[in-house]
Structures are given as C-alpha cells and as structure tokens.
Amino acid sequence: MNRGRLLDAALAEFSRHGYSGTTLERIAGAAGMSKSNLLYYFTSKSAIYEKSLEHILDVWLAPLRLLDPDGDPATELSGYILHKMRTSRQSPDASRLFANEVMSGAPRIRRVLEVDLKQLVEAKISVIQTWIASGKIKPVEPLHLILSIWAITQHYADFQTQILAMTGKDLNDEDFRREAENSALSMVLSSLGLETPAQAVAAFRETGS
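Residues numbered from 1 in each chain as written. Predicted model: local features only at pLDDT ≥ 70, side-chain atom pairs only at ≥ 80, totals over all residues. Heavy atoms only, no water.

S.K.: Just checking my understanding: could you explain the overall build of the protein for this structure?
M.R.: Helix and strand counts for the protein stand at 11 helices and zero strands. Over its C-alpha atoms, taken along the principal directions, the protein stretches across nearly 60 × 40 × 30 Å. Here the protein, with 209 residues, has 44% of them falling under the buried criterion. Intrachain contacts of the protein at a sequence separation of at least 6 include 67% that bridge at least 24 residues. Once the 23 positive and 25 negative side-chain charges of the protein are each reduced to a mean point, those two points are 5 Å apart. (Helix = DSSP H or I, 4+ residues; strand = E, 2+ residues; numbered from the N terminus. Buried < 20%, exposed > 50% of the residue type's maximum accessible area, 1.4 Å probe, protein only. Contact = heavy atoms within 4.5 Å. Lys, Arg positive; Asp, Glu negative; His and termini not counted. Charge placed at Lys NZ, Arg CZ, Asp CG, Glu CD.)

Laid out in structure tokens, this is it:
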C-alpha cells in the first residue's frame, strides 16, 4: 500500500516538475510519508523514477496484451482503441511523463523498450498478420497500424493542453470524448474494411468509461 502511494506521488511530482526538478523530499511529502520511509521502498530518486516509468508502460500496454487472434477483429480492435482512450483520459500525466522520457532518448528505460515492448509488439503483429492471412481484414502493415492507434489515442493525453486551448474541452467532457472515440474507431476500422461493432462498443462503455 505504501509502495503504491509512493509511486502515485512520484508520478504526479515527476509529471509536474520533471526529473531534475523533483526531490525525494517532495515525493515523500506528497505521499504523506517521511523521506526515510520512502528510502525503505526505493533506494534513490532514479530507482523510483524508473519504477514509475515501468508501471506507466505496463498500464499502457495492458490492453494490447488482450488482443485475441481467435477473436473478431472489429471487436478486438475496438476494445483496444477504447481502452487506450480511457487511459488517455484517466492518466494524462502518466502519458506525458513517458513521452518526455522517450523524447529525451529513453536513457532509463531503453532496455524495457528494446526487450519487453519489442517482444509484445512482435507478438501482436503476428495476431494482425493472422487476420490478414485469413481474409478478415484488408492487408495493412501491422506495425504501422499499431503505431497509428497509439498516435491517435495518446494524442489526447500528450497534447491535452493544446486540445483544451483550441476547443475548451478534453476527454473529461463526455460529448467530446464520444466524438473522439467514434472518430478513432471509424478511421481505423474503415481502413481495414470493418464496421464499428455497435454492441461491443456499447458494452465497453457500460463498464465505466
């Protein structure tokens, strides 16, 4: 429990102040704990930062792991897109922190990207290739399909300030969120020769978007 509180506090502080501007004292204070308590769980600022980034990546990639090669492609991809949009709404600070780390060259999580992330993406490329081979979706380059979904969905988190400046809305506005979700679903699925599965989308939304 304390470890989770510290990770939540670290995420908020690193997102707000960056790595160099965040101190262990600040993280401990935000978590309502002492610095000595923090050091019981994490030996350094670098350690808690790296663990925060690993946690973010795990949360962002969890929906991708669920893609089922035996499932209906429209349903599987719709669920993935909606999961990503939900995470963009619920954890925009986490997405921005991770994006900043990657843009700086990913010095602290390069191994995770080169091993864990790469292996997962390769596995899901195989899923998409299976759908193509069986004629379930139009031929597409699987890697770029995945990257495009990331670009569409994570934009709402990484550029939340820009979206708010232009529209006065973000994904916390239900009508705006539905528009964004429907647009993402239509663009991705129609390019693959698929229709949006209305019942599956409605069921996902009923689980609490």
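Okay, back to it.
S.K.: It is not clear to me how the layout of surface pockets should be interpreted in this structure. Could you clarify?
M.R.: Rolled over the atoms, a probe with the dimensions of a water molecule shows which regions are left empty. Estimates place the volume of the largest pocket at around 360 Å³. When contributions to the lining of the largest pocket are tallied by element, the ones reaching two or more residues are α4 (45-65), α6 (92-103), α7 (110-133) and α8 (142-158). By residue number, the principal contributor to the lining of the largest pocket is α8, which donates six residues. Taken together, the residues of the lining of the largest pocket break down into 12 nonpolar, two polar and three charged. (1 Å grid on protein atoms, 1.4 Å probe; cavity = no way out; pocket = protein on both sides within 12 Å on 5 of 7 lines; lining within 4 Å. Points joined across faces, edges and corners; volume = space filled by probe spheres on them. Nonpolar A, V, L, I, M, F, W, Y, C, P; charged D, E, K, R; others polar.)

S.K.: What should I look at first to understand empty space enclosed by the protein in this one?
M.R.: Going through the model one piece at a time under the given rule, you end up with one cavity of 30 Å³ or more. Empty space within the largest cavity amounts to approximately 30 Å³. The wall of the largest cavity is formed by Leu7, Asp8, Leu11, Ser52, His55 and Ile56. Per-class residue counts for the lining of the largest cavity are three nonpolar, two polar and one charged.

S.K.: Please explain the confidence of the model for the protein as it appears in this structure.
M.R.: Note that predicted coordinates carrying low pLDDT should not be read in detail. With 100% of its residues at a pLDDT of 70 or more, the protein has an overall mean of 92. Ranking the helices and strands of the protein by mean pLDDT puts helix α10 (residues 174-191) first, with 97, and α4 last, with 86. (pLDDT = per-residue confidence, 0-100.)

S.K.: Looking at this structure, I do not really get the side chain of Gln154. What am I missing?
M.R.: Inspection of the secondary structure assignment puts Gln154 in helix α8. Apart from residues lying up to four places away in sequence, Gln154 is in contact with Trp60, Lys84, Ser88 and Ser95.

S.K.: Looking at this structure, how should I read the nonpolar core?
M.R.: Generally speaking, a soluble globular protein has its nonpolar side chains buried in company with each other. Grouped together as the largest cluster of nonpolar side chains are 60 residues, with contacts concentrated most on Leu6, Ile27, Ile48, Ile56, Leu64, Leu77 and Trp150. It is α7 that contributes the most residues to this core, nine residues altogether. Ignoring any residue separated from it by four or fewer positions in sequence, one finds Leu77 in contact with Leu67, Trp131, Ile149, Leu189, Leu192 and Leu194. (Core = buried A, V, L, I, M, F, W, Y, C linked by side-chain atoms within 4.5 Å.)

S.K.: Looking at this structure, I do not really get the packing of aromatic side chains. What am I missing?
M.R.: Each aromatic ring pair is described using two quantities: the centre-to-centre distance and the angle formed by the ring planes. On inspection of all chains with the given rule, the structure shows five aromatic pairs. Feature note: the residues Phe14, Tyr19 and Tyr49 constitute an aromatic cluster, connected by ring pairs. The residue whose ring lies beneath Arg108 is Tyr19, and the NZ or CZ to ring-centre distance is 4.0 Å. (Phe/Tyr/Trp six-rings, centres within 6.5 Å; stacked < 30°, edge-to-face > 60°. Lys NZ or Arg CZ within 6 Å of the ring centre and 35° of its normal.)

S.K.: Even after reading the chapter, I still don't get the environment of Lys124, so can you show me in this structure?
M.R.: On the secondary structure map, Lys124 appears in helix α7. Ignoring sequence-local partners within four residues, the contact set of Lys124 consists of Leu64, Arg65, Leu67 and Ile146. Within the structure, Lys124 has its side chain in polar contact with the backbone oxygen of Arg65 (distance 3.1 Å). (Polar contact = N/O pair within 3.5 Å; in protein donor to acceptor, adjacent residues only side chain to side chain.)

S.K.: Please explain the pattern of salt bridges as it appears in this structure.
M.R.: Pairing is possible between side chains that carry opposite charge, provided their charged atoms lie close to one another. As enumerated under the stated definition, the model contains 11 salt bridges in all. Between Glu13 and Arg16 there is a salt bridge, and its shortest N-O distance comes to 3.3 Å. Note that Glu13 and Arg16 are positioned in helix α1 (residues 2-21) at a spacing of three residues, about one turn of the helix. Of the residues examined, Glu13 reaches a relative accessible area of 8% and is grouped as buried. A single network of salt bridges, built from pairs that share partners, joins Glu13, Arg16 and Arg26. (Salt bridge = Lys/Arg side-chain N within 4 Å of Asp/Glu carboxyl O.)

S.K.: How should the side chain of Ser95 be read in this particular structure?
M.R.: Mapped onto the elements of the fold, Ser95 is located in helix α6. Of the residues examined, Ser95 reaches a relative accessible area of 2% and is grouped as buried. At 2.5 Å, the side chain of Ser95 forms a polar contact with the side chain of Asp158. Residues contacting Ser95, with those up to four places away along its chain left out, are Trp60, Gln154, Ala157 and Asp158.

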